[in-house]
Amino acid sequence: MAEATSSTLPLPPRGPRHWPVWLGVGLCMALARLPWRLQRMLGALLGWIALHLSRSRREAARTNLSLCLPELAAAQREALLRDNFRDVGIGLFEFARAWWGNAVPMRRTARIEGLDILQGLQADGRGVLLISGHFMTLELCGRLLCDHVPLAGMYRRHRSPVMEWAVLRGRLRYASAMFGNGDTRAAIRHLKRGGLLWYAPDQDMRGKDTVFAPFFGIPAATITATHQFARLTGCAVVPFFHRREGADYILRIGQPLAPFPTEDVVVDTTQVNAAIEAMVREAPSQYLWLHRRFKRQPDGLSRYP
C-alpha cells in the first residue's frame, strides 16, 4: 500500500451503523478544544478514576514498575503508579489536542534540542528513522516537531473505520504522510528518498518479526524493524525523546545510533531498547506502563498475575 497523505485520504465512512462511533468522535473533538488548563484538570481526574476502576491495567503497571525499577522502595513505586495514571489521563487530552485541537499554547513554551542534527542529515540527503517510546506526550510532541521538519509517522491501524479515518485525518494536519503497520514497502521507499520517519518500537507486536532483547534487564519481545529498515535503506537511526515539564514541552533529538546496523539483529535491537530505557528513566511517570511489555518470555511464562 502507498502512504496516506492529506490528498489521498478517502471519504469518511457513513451509514447508521457508524453513527454511535461518530458521536464518540464528535465528543472527543469537542473536548480537544477545551482550554488547556481545564483539560489538565479533567485528565488528572480521569486518571484517578482509571486507577481505581481499571484493576487489570493497574496491576499490569504495578508489575512493570516492580520489574523495571526494583531499586525504588514500595512506597515510591506506589507514588509513581499514581503519578503515571494521572499523566495517562492528561495524555489522552494531549492526543486529542494533537489530532483535533490546536497546539498554540504548547508552541509558546516548547524547547527543541538537537534540531541541527536532523537538519544536517536532511542536507546530506539521508533518510532518518526517529525512534521513541510510548510516552503520553508522543503525539503532541510529534506535532510540535512537524513545525520544523517534514515528518512522517508509522501507526497501528484502528479496528473502527470511523476512528481510523478521524485519527488519520487529524494526524495528516501536521505529518507529511502516515504509514500503517502493513505499509512496510512504502515506508522503505520513503526512507530511501531521504525522508524522515518516526515510530515507537517498544511494544510487543504479536505476529511481527521479533527477538528477545533486554529492556530494564528483562527479556522483552521486540520487533526487528529498526534493524531491517536501517539495513535496507541506509537510514540513520536517531533517538527522539520528549516529555512534559510543568507547562513546558521538551523535545530532544539524539545523535544517530552507532555502529548501526551491525550484522547482529539482537545487538542492534538491544541498542534500540537501551536508548528507550534511558528515555523512560528521565520521565518515568509519562511512560505507558499499562502495556504488558513482558507477557511473552523465552521460557513461555508470563510475568503478569
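Here's a quick rundown of the structure. All figures in this text were calculated on a predicted structure; none of them were measured in a lab.

Conventions we followed
Residues numbered from 1 in each chain as written. Predicted model: local features only at pLDDT ≥ 70, side-chain atom pairs only at ≥ 80, totals over all residues. Heavy atoms only, no water. Core = buried A, V, L, I, M, F, W, Y, C linked by side-chain atoms within 4.5 Å. Buried < 20%, exposed > 50% of the residue type's maximum accessible area, 1.4 Å probe, protein only. Helix = DSSP H or I, 4+ residues; strand = E, 2+ residues; numbered from the N terminus. Contact = heavy atoms within 4.5 Å. Patch = residues over 30% accessible without salt bridge, like charges linked within 9 Å, V, L, I, M, F, W, Y side chains within 5 Å. Areas by Shrake-Rupley, 256 points an atom, 1.4 Å probe, with all protein chains shown as cover. Salt bridge = Lys/Arg side-chain N within 4 Å of Asp/Glu carboxyl O. Pairing = 2+ DSSP bridges. Expected span 1.5 Å × (residues − 1). Arc of directions from axis to C-beta.

### Focus on the nonpolar core
- Ranked by internal contacts, the top residues of the largest apolar core, which has 91 residues, are Leu130, Leu145 and Trp289.
- Top element by residues in this core is helix H4 (residues 74–100). It accounts for 10 residues.
- When neighbours within four sequence positions are excluded, tryptophan 289 is seen to be in contact with Ala60, Ala61, Asn64, Leu65, Cys68, Leu69, Asn84, Phe216, Val280 and Pro284.

### Observations concerning a nonpolar patch on the surface
- There is a patch of nonpolar side chains on the surface, built from Leu38, Met41, Leu42, Leu45, Trp48, Ile49 and Leu53 and spanning about 700 Å² of accessible area.
- Turning to its location among the elements, leucine 38 is positioned in helix H2 (residues 36–53).
- Since its relative accessible area comes to 34%, leucine 38 is described here as partly exposed.

### Describing the pairing of strand E7 (residues 218–223)
- Counting buried positions along E7 gives 5 out of 6 residues, so the element sits mostly inside the fold.
- Linking strand E6 (residues 210–215) back to E7 in an antiparallel pair, the connection comprises 2 residues, with phenylalanine 216 at a positive phi of about 60°.

### Points about H2
- Between its terminal C-alpha atoms H2 stretches 25 Å, which fits the 26 Å expected from 18 residues at 1.5 Å a residue.
- Listed as buried for H2 are Trp36, Gln39, Gly43, Gly47 and Leu51. Taken down its axis, H2 places every buried residue within 110° of arc, on the same side. Of the residues in H2, the exposed ones pointing more than 90 degrees away from the buried face are Arg37, Met41, Trp48 and Leu53.
- Close packing links the buried residues of H2 with helix H1 (19–31), helix H3 (55–68), H4, helix H5 (104–109), strand E8 (236–245) and strand E9 (248–253).

### Description of the side chain of threonine 137
- When you line up the elements, threonine 137 lands in the loop between strand E2 (128–131) and helix H7 (138–146).
- Residue class for threonine 137 comes out buried when judged on its relative accessible area of 0%.
- What threonine 137 contacts, discounting residues up to four positions off in sequence, is Glu94, His242, Arg243, Arg244, Tyr249 and Gln286.

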